[in-house]
Amino acid sequence: MDGSHSAALKLQQLPPTSSSSAVSEASFSYKENLIGALLAIFGHLVVSIALNLQKYCHIRLAGSKDPRAYFKTKTWWLGLFLMLLGELGVFASYAFAPLSLIVPLSAVSVIGRYVLSFVGCGLAVVGTYLLVTFAPNSHEKMTGENVTRHLVSWPFLLYMLVEIILFCLLLYFYKEKNANNIVVILLLVALLGSMTVVTVKAVAGMLVLSIQGNLQLDYPIFYVMFVCMVATAVYQAAFLSQASQMYDSSLIASVGYILSTTIAITAGAIFYLDFIGEDVLHICMFALGCLIAFLGVFLITRNRKKPIPFEPYISMDAMPGMQNMHDKGMTVQPELKASFSYGALENNDNISEIYAPATLPVMQEEHGSRSASGVPYRVLEHTKKE
């Protein structure tokens, strides 16, 4: 009687135990999401500060007579140290939070670099809040077996096939057909970047597990992911460098952020199955947060003041009375139809008449005899007066 009663009590206590474990697991996943998000935000802000410091160093050296190279200044080395620290924080964030949460948080670096639009900054902050709040709670241990299982899964293999075909087509049009459109270049960057973030999360997760005592460095998949991470990052930087030589940095920041974030989230959702088990409301709110962040970044970079291009003309400030010539509507280059036509650039059919060579008058003088041929030009003698 007592044994059956105690067994009944134990059976009644089982459901509360399972529900409490689920609550503790959910709170643990939320804490990991929060740690990853804070690391990513901190890393992107530090990277933004580092880039501004290095830019300030270059501008100061360019505007002064300091003969030192930029890498010999303390400011540039401080910026490099902060950049490495920020990138380390972003790298570590992939080990704690899902890829779909970390990738969109790069909008924080854009906010730090282009704080020029109040509305854009507000939208970016709201989008970041929605991303953190409704991010997926998938926290799978990045062991060698799990990474290998995801790598050979048929959804990811199909995705890789489509991405390779698209990348080869874009590369063909870019190299052979000279399709230098910014969307083409940044799509190449985004496709490479999606593989970079996938491999970064795998490498970071396996390193964290190895540090915790569960060694993962003896799996060949770790080195495969590491090589892919370095290779895609190098080629991604090369395409970004080419884009920066042809387009404004604000346009690259906005278009690149939208394309890279969209493709990276898609790759993470297919490889790591981030949204498996999530309800429709959380997925919709997460997508809304991405759209708001996209709009905020677009407004921030759109309202940025465009730099005045350098024009290699002679400054008129040193000439008296010429300082306000442009304000009065006057032109420095004279017109061809005016009386003074030197240096005019306008084409005219009668240009040969204006620039026809002058003919000298031929004057003959008699010298002794008429039979002698006369000198074709008059000879003038000049005496120096003392």
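Only a predicted model underlies this, so the values are computations on that prediction, with no experimental measurement involved. (Residues numbered from 1 in each chain as written. Predicted model: local features only at pLDDT ≥ 70, side-chain atom pairs only at ≥ 80, totals over all residues. Heavy atoms only, no water.)

With respect to the element layout, Thr261 can be found in helix 10 (residues 249–271). We classify Thr261 as buried; its relative accessible area is 1%. (Helix = DSSP H or I, 4+ residues; strand = E, 2+ residues; numbered from the N terminus. Buried < 20%, exposed > 50% of the residue type's maximum accessible area, 1.4 Å probe, protein only.)

Let's shift gears to the environment of Ala238. Structurally, Ala238 can be placed in helix 9 (residues 220–246). Sequence separation between Ala238 and Val189 is 49 residues; the distance between their C-alpha atoms is 8.9 Å.

Moving on, we come to the packing of helix 7 (residues 154–175) against helix 10. Relative to each other, helix 7 and helix 10 sit at 150°, their axes nearing to 8 Å. As summarised for this structure, helix 7 and helix 10 are arranged roughly antiparallel, according to the angle between their axes. In this structure, helix 7 uses Pro155, Phe156 and Tyr159 to contact helix 10, whose residues at the interface are Ile263, Thr266, Ala267, Ile270 and Phe271. Residue composition of the contact of helix 7 with helix 10, by class: seven nonpolar, one polar and no charged. (Axes fitted to C-alpha atoms, helices over the stretch in contact; angles between N-to-C directions. Parallel < 35°, antiparallel > 145°, perpendicular 65-115°, else oblique. Contact = heavy atoms within 4.5 Å. Nonpolar A, V, L, I, M, F, W, Y, C, P; charged D, E, K, R; others polar.)

Our next topic: the packing of aromatic side chains. In the structure shown here, the tally under the stated rule is nine aromatic pairs. When the ring of Trp76 is compared with that of Trp77, the centres are 5.2 Å apart and the planes differ by 85°; the resulting orientation is edge-to-face. Residue class for Trp76 comes out buried when judged on its relative accessible area of 15%. The positively charged end of Lys201 is found above the aromatic ring belonging to Tyr272, 5.7 Å away from the centroid. (Phe/Tyr/Trp six-rings, centres within 6.5 Å; stacked < 30°, edge-to-face > 60°. Lys NZ or Arg CZ within 6 Å of the ring centre and 35° of its normal.)

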